Amino acid sequence: MANIMIRRSDKGYVFYMPKRDIEDSITSMEFDTPEKWGGEIKLGNGGCYYIEPQAAPERLPYSVRARRIDGVE
Amino acid sequence: MSALTREATETLIQEVLEIYPEKARKDRAKHLMVNDTELESSKKCITSNRKSLPGVMTMRGCAYAGSKGVVWGPIKDMISISHGPIGCGQYARGGRRNYYVGTTGVDTFCEMNFTSDFQEKDIVFGGDKKLAKLIDEIEMLFPLNKGISVQSECPVGLIGDDIEAVSKKAAAQLNKPVVPVRCEGFRGVSQSLGHHIANDSVRDWILSNRDGQPFEKTPYDVAILGDYNIGGDAWASRILLEEMGLRVVAQWSGDGTLAEMENTPFVKLNLLHCYRSMNYISRHMEEKYGIPWLEYNFFGPTKIAESLRKIASFFDDHIKEGAERVIEKYTPAMNEVIAKYKPRLQGKKVMLYVGGLRPRHVVGAYEDLGMEVVGTGYEFAHNDDYDRTIKDMGDATLIYDDATGHELDEFVKALKPDLIGSGIKEKYVFHKMGFPFRQMHSWDYSGPYHGYDGFAVFAKDMDLTLNNPCWKMLKAPWLKEEAAELKAA
């Protein structure tokens with residue numbers, strides 16, 4: 001489990017992990033509705049993380065705990 | 001265009017790597033690349049922010065250097081205690097020439113060295129009592145300090161002192177922020193982690209101090225982040241922002257004060273110069289206070305104009321007009337500078353090896369003078385820095401991460417640049433090799449280099465160094481000996 005921060009850029013969501021200074025675009029997010037948000041997220045660098053599905057945050061950027069499923073360092 | 005073709009540069013990298021044992025060669029190969037401007041991400045081509053290889057000469061610093069030397073040190077009305085043995089504090093004192101206004105020793109303290117001077121008994125019995133006593137003493141001798149930060153050196157972490165407890169107690173007693181910073185030198189691979197730790201401690205202990213308190217806002221409030229006022233850099237940047245109609249609330253941290261930092265959450269926009277050392281706090285403020293942040297570059301008229309317009313795009317027409325007015329005002333003066341120095345510098349090649357920002361930021365300024373950067377590299381950058389560098393550098397130029405002494409020497413011998421910009425540890429080696437050299441960490445005792453005023457100084461300095469006749473008269477001592485021996489034989 002690691003803390004990550006999700007931001008929005010003009011191209012979509014951006015993933016940032018402060019601990020490792022990894023910043024990458026999010027290519028897909030499993031759930032992206034106001035009620036259910038999160039799930040499996042895939043990154044531009046090929047990594048894959050899991051966020052416990054939850055209500056969408058009111059405002060981005062938003063810090064959240066994520067689990068690494070298939071990470072690229 | 002680069003000095004060498006892509007193939008030639010790749011061959012050069014292979015030649016330089018040959019001297020290493022196989023394991024080391026494999027490791028170092030990942031840190032060297034030939035630039036390809038087509039690339040979107042640096043990830044596959046260069047590895048960065050890794051532990052330096054044992055046995056090579058690295059130019060990196062430590063976490064303490066990143067925290068005390070870079071981020072906390074320049075805050076002028078706070079006292080940064082170097083908690084541990086005396087050397088770290090003494091040799092890091094004032095080295096970066098972070099200018100400030102104030103009376104040193106009365107209301108400002110950057111140039112002074114405060115240390116707990118650990119002795120054997122402090123290692124054996126712990127240094128907490130000494131720290132508490134030291135804080136009391138500081139309060140008695142320098143009552144105008146606005147706060148204290150405790151910068152741990154290696155032994156504090158090794159013996160497990162509880163500086164947090166001492167700081168909390170002292171803060172309650174003094175009614176001032178006393179910030180424990182766990183920036184022991186052994187943490188991380190370079191000073192970069194020190195920046196991160198320092199940012200986190202600012203976030204935890206300083207930033208939210210004035211939440212909910214009244215503050216007279218204007219719609220044009222900005223903060224300058226990541227400008228350490230080396231040789232007056234932040235001042236040369238600040239006047240441009242003020243001229244275009246913005247109000248600069250805070251300077252982080254060159255010539256900055258504790259009050260400015262505490263007021264930063266009230267601004268409209270954070271302007272980030274050194275991305276590497278302050279992006280953490282910008283990201284935090286974006287999340288907590290909804291303040292957007294923007295990277296800008298105040299090196300060279302082209303980049304300044306670009307940055308001023310980018311900054312203005314966040315505000316209304318009043319500021320946009322202001323930006324155009326500022327650009328128009330300074331353009332004739334800048335054209336004069338370029339007309340004077342460009343003929344003397346045109347077509348010259350530069351090699352850079354600096355910290356975490358300048359290897360890409362100053363490229364524009366050199367290009368304004370008609371010079372070309374043929375190789376660049378960072379001591380402690382991360383991959384996001386290289387992503388940004390790829391776009392700024394020419395195709396097929398050389399990029400090196402955490403370069404070793406051997407690699408730098410060989411690259412310089414092969415590329416034969418007309419000017420090298422790097423740090424103090426490299427300076428005298430290249431002087432002896434007869435290469436013009438500028439120390440680009442603290443501007444070789446010159447400056448400012450930021451802003452329009454800074455560019456005039458920058459151009460003059462580059463010309464003075466590069467066209468100095470002394471370089472032709474220099475011969476490396478080891479080459480001289482060989483010549484003498486040949487003569488004798």
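Residues numbered from 1 in each chain as written. Chains lettered and ligands numbered in written order. Predicted model: local features only at pLDDT ≥ 70, side-chain atom pairs only at ≥ 80, totals over all residues.

Participant: Explanation requested: the interface of chain A and chain B in the structure shown.
Facilitator: Interfaces are often sized by the accessible area lost when the parts come together. Each partner contributes to the interface: chain A provides 10 residues, whereas chain B provides 10 residues. In the side of chain A that touches chain B, the residues fall into 5 nonpolar, 2 polar and 3 charged. (Contact = placed C-beta atoms within 7 Å. Nonpolar A, V, L, I, M, F, W, Y, C, P; charged D, E, K, R; others polar.)

Participant: Got a minute to help me understand the sheet that holds strand β3 (residues 114-115) of chain B in this structure?
Facilitator: What holds strands together in a sheet is hydrogen bonding between their backbones, with the strands either parallel or antiparallel. All names here are of chain B. Spatially, β3-β2-β4-β5 is the arrangement adopted by the 4 strands of the open sheet, whose pairing is parallel. Both edges of this open sheet fall to β3 and β5 (178-181), since each of them pairs with a single strand only. Contacts from helix α3 (residues 63-72) reach β2 (78-83), β4 (147-152) and β5 within the one sheet, and its direction differs from that of β4 by about 155°. (Pairing = 2+ DSSP bridges. Helix = DSSP H or I, 4+ residues; strand = E, 2+ residues; numbered from the N terminus. Axes fitted to C-alpha atoms, helices over the stretch in contact; angles between N-to-C directions.)

Participant: What is the right way to look at the domain arrangement of chain B in this model?
Facilitator: Residues and elements named next belong to chain B. Examined at the domain level, chain B breaks down into domain 1 (1-60 + 342-489), domain 2 (63-205) and domain 3 (221-324). Contacts between the two partners involve 21 residues from domain 1, matched on the other side by 20 residues from domain 3. Contributing elements (two or more residues each) for the side of domain 1 that touches domain 3: α16 (363-368) and α20 (451-466). For the side of domain 1 that touches domain 3, the element with the highest residue contribution is α20, accounting for 5 residues. When its residues are assigned to classes, the side of domain 1 that touches domain 3 shows 9 nonpolar, 9 polar and 3 charged. (Domains from an automatic or database assignment.)

Participant: What am I meant to see in the packing of α3(B) against helix α9 (residues 191-205) of chain B here?
Facilitator: Helix packing for two helices is described by the angle between their axes and how far apart those axes are. Residues and elements named next belong to chain B. At their nearest, the axes of α3 and α9 sit 6 Å apart, and the two run at 55° to each other. With respect to α9, the element α3 is oriented oblique. Crossing hand, α3 versus α9: right-handed. Judged by residue contacts, Ala63, Tyr64, Ala65, Gly66, Ser67, Val70, Val71 and Trp72 of α3 engage Gln191, Ser192, Leu193, Gly194, His195, Ile197, Ala198 and Asn199 from α9. (Parallel < 35°, antiparallel > 145°, perpendicular 65-115°, else oblique. Left-handed = near helix turned anticlockwise from the far one by under 90°.)

Participant: Mind showing me how you'd approach the pairing of strand β13 (residues 419-422) of chain B here?
Facilitator: Two faces, one strand: in a regular strand the side chains alternate between the faces of the sheet. All names here are of chain B. Side chains Leu419 and Gly421 project from β13 onto one buried face, and the interleaved Ile420 and Ser422 project onto a second face that is buried too. The pairing of strand β10 (residues 349-352) with β13 spans 3 bridges and is parallel. Looking at β13, one finds that Met351 is bridged to Ile420. Bridging between β13 and strand β14 (residues 437-439) involves 3 bridges; their strand directions are parallel. For Ser422, the partnering residue across the bridge sits in β14 and is Gln439. Remark: the β13/helix α19 (residues 424-432)/β14 crossover connection has right-handed handedness. (Buried ≥ 20, exposed ≤ 12 C-beta atoms within 10 Å, placed from the backbone. Right-handed = clockwise from strand over helix to strand, strands pointing away.)

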